[in-house]
Amino acid sequence: MNTMHFARRNDGPAVNPISPGKEMGAYEALWLEDRATFKTIAERFKADPTALPSDFVEPGRAESAAQEAFSLLRSKGVRKFGVRVNHAGDYPPKLRDARHPVELLYFQGAWELTETRSVAIVGSRKASDEGKARANRLAKALVARKFTIVSGLAEGIDTAAHTAAIEAEGQTIAVIGTPLGESYPKSNRELQEKIARDYLLISQVPVLRYEKQGVPQNRLFFPERNVTMSALTEATIIVEASDTSGTLTQARAALHQGRKLFILESCFLRTDITWPARFQALGAIRVREPEDIWQALG
């Protein structure tokens, strides 16, 4: 582990002395256990709220997993990164609002952006030109009001939101559904590298589990990152989405977590979907004018 270091500017004080490498290895080892999911792992920590990942994994197994994860990340070109562990100083308490909170996050970039006021802009991968234009305008308007723009680096709405924030000289955070060093879609590799370098890139995806299992299983990491994205922000704006879109995972999470959920008027005007009215009935805010967002955000 001497050949790879956590990025020094990404490190912050911990409430309790912990070894980031040890906890990372234990987290990776937990994910290599049979039938491990965010839910099953979260349930173990719920039963022992003061536990760290290393409390559930023998030291030798944690060390082996850490070495393997470091090696794999290095092979993907990831040489500087940080981790944030629950119970350490810079882990955001707001992430505990998730139904199945994540105990460890990987990141590259400026972790202090998690302390800024932030709003998620999300929507369809196969977005319409009008949808991408709306995401662009919203992101720039939020940047003008000093909000950090959070999204998932997917095609379509996500890409439009991140790009607009950067163009407006604002701040942006990407919460990805792959490990560090992996890009999806591949076409966003350059954008992902820029966000990792100049802004903030976050992943909760276990490196070794992702590498060892197939694409169908790895797809399940994408909706889970939406839950974390919602918990990280004070509000989510849905620009456009179908009735089967993974974006609705974030809509459900936002309402469960007590976050504001905004749905643009253009979604309500579509006759081929039913989800906007359903979520409005549950407490989502219908956005007829941008002022509806600004008033709700205060």
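The structure under discussion appears in the preceding block.
Calculation notes
Within each chain, residues carry numbers counting from 1 in the order of the written sequence. The predicted origin of the model limits local features to residues at a pLDDT of at least 70 and limits the giving and counting of side-chain atom pairs to 80 or more, whereas totals for whole chains, interfaces and linings rest on all residues. Only heavy atoms go into the side-chain values, all of them from the structure, while hydrogens and water stay out. Each reported salt bridge corresponds to a side-chain nitrogen of Lys or Arg within 4 Å of a carboxyl oxygen of Asp or Glu. Only DSSP runs of H or I covering at least 4 residues are called helices, and only runs of E covering at least 2 are called strands; the numbering of each starts at the N terminus. Each residue is placed in one exposure class: buried if its accessible area under a 1.4 Å probe, protein chains only, is under 20% of its type's maximum, exposed if it is over 50%, and partly exposed if it falls in between. Two residues form a contact once any of their heavy atoms are found within 4.5 Å. Between the rings of Phe, Tyr and Trp (Trp by its six-membered ring), a pair exists once the centres lie within 6.5 Å; its type follows the angle of the planes, with under 30 degrees stacked, over 60 edge-to-face, and the other angles tilted. Only Lys NZ and Arg CZ are tested; either one counts as a charge over a ring when it is within 6 Å of the ring centre and within 35 degrees of the ring normal. Two strands qualify as a pair provided that DSSP identifies no fewer than 2 bridges between them. Convention used here: a crossover is right-handed provided that the path from the first strand, over the helix, to the second strand proceeds clockwise when the strands point away from the viewer. Residues grouped as a nonpolar core are buried Ala, Val, Leu, Ile, Met, Phe, Trp, Tyr and Cys residues, joined through side-chain atoms within 4.5 Å.

*Asks:* For this particular structure, what's the right way to read the pattern of salt bridges?
*Replies:* Where charged atoms from two side chains of opposite charge come close, those side chains can pair. By the definition in use, this model includes 18 salt bridges. One salt bridge connects Lys76 with Glu211, and the closest N-O pair in it is separated by 3.8 Å. Highlighted residues: Lys76 in the loop between α3 (59-75) and β2 (80-85) and Glu211 in helix α7 (residues 207-212), separated in sequence by 135 residues. Glu234 is paired through a salt bridge with Arg117; the nearest N and O atoms lie 2.7 Å apart. Remark: Arg117 occurs in the loop between β3 (104-109) and β4 (118-122) and Glu234 occurs in the loop between α9 (221-232) and β8 (235-238); sequence separation between them is 117 residues. We classify Glu234 as partly exposed; its relative accessible area is 27%. Looking at Arg117, the relative accessible area reads 38%, which means it is partly exposed. Through salt bridges with shared partners, a single ionic network connects Glu33, Arg44 and Arg61.

*Asks:* Hey, could you run me through unusual backbone geometry in this one?
*Replies:* Note: most residues except glycine have negative phi, and most peptide bonds are trans. Residue Tyr184 is joined to Pro185 through a cis peptide bond whose omega torsion reads 0°. Secondary-structure assignment places Pro185 in the loop between β6 (172-176) and α6 (189-198). Within the chain, His87 stands out as a residue other than glycine whose phi angle is a positive 85°. Checked against the element boundaries, His87 lands in the loop between β2 and β3. Judged by relative accessible area, which is 27%, His87 ranks as partly exposed.

*Asks:* When you look at the side chain of Ser151 in this model, what are you seeing that I'm missing?
*Replies:* Locating Ser151 in the fold gives a position in strand β5 (residues 148-151). Take Ser151: its relative accessible area is 0%, and that puts it in the buried class. Setting aside residues no more than four positions away along its own chain, Ser151 makes contact with Ile121, Val122, Asp158, Ala161, His162, Ile173, Ala174, Val175 and Met229.

*Asks:* Just to check I follow, could you spell out the packing of aromatic side chains for this structure?
*Replies:* One pair of aromatic rings is described through two measures. These are the centre distance and the angle between the planes. Applying the stated criterion to the full structure yields ten aromatic pairs. Summarising the aromatic geometry, the rings of Phe38 and Phe221 are spaced 6.1 Å apart at their centres and angled 85° between planes, so their arrangement reads as edge-to-face. Of the two residues, Phe38 is situated in helix α2 (residues 38-47) and Phe221 in helix α9; the sequence distance between them amounts to 183 residues. Taken together, a centroid distance of 5.9 Å and an interplanar angle of 45° make the contact between Phe70 and Phe81 tilted. Taken together, the positions of Phe70 in helix α3 and Phe81 in strand β2 put the pair eleven residues apart, joining distant regions of the chain. With respect to class, Phe70 is no different from Phe81; both count as buried. By way of ring pairs, the aromatic residues Trp31, Phe38, Tyr210 and Phe221 are connected into one cluster. Of note, Arg125 hangs over the ring of Phe222, and the distance from its end group to the ring centre comes to 5.5 Å.

*Asks:* Help me understand the pairing of β8 in this model?
*Replies:* In regular strands, side chains alternate between the two faces of the sheet. Here β8 shows two buried faces, one formed by Ala235 and Ile237 and the other by Thr236 and Ile238. Examined bridge by bridge, β4 and β8 share four bridges and lie parallel to one another. Counterpart to Val122 in the pairing with β8 is Ile238. Sheet analysis places β8 next to strand β9 (residues 260-264), joined by four bridges and oriented parallel. Bridged to Thr236 within β9 is Leu261. Note that the unit made of β8, helix α10 (residues 247-257) and β9 has a crossover that is right-handed.

*Asks:* Is there a simple way to think about the nonpolar core in this case?
*Replies:* The tendency in soluble globular proteins is for nonpolar side chains to be buried side by side. One finds Met24, Phe81, Tyr106, Ile202 and Trp275 to be the most contacted residues of the largest nonpolar core, which totals 72 residues. It is α3 that provides the largest number of residues to this core, a total of seven residues. Val119, Leu138, Ala139 and Ala235 belong to the second-largest nonpolar core, a separate cluster that totals 24 residues.

*Asks:* In this structure, what is going on with α10? I would like to understand it.
*Replies:* Quick reminder: α-helices carry 3.6 residues per turn. Residues three or four places apart thus point the same way. Along α10, eight of the eleven residues are buried, which leaves the element largely enclosed by surrounding structure. For α10, the full list of buried residues reads Thr247, Leu248, Thr249, Gln250, Ala251, Ala253, Ala254 and Gln257. Of the surrounding elements, those touching the buried residues of α10 are β4, α9, β8, β9 and α12 (275-281). Two residues or fewer after α10 comes Gly258, characterised by a positive phi angle close to 80°.

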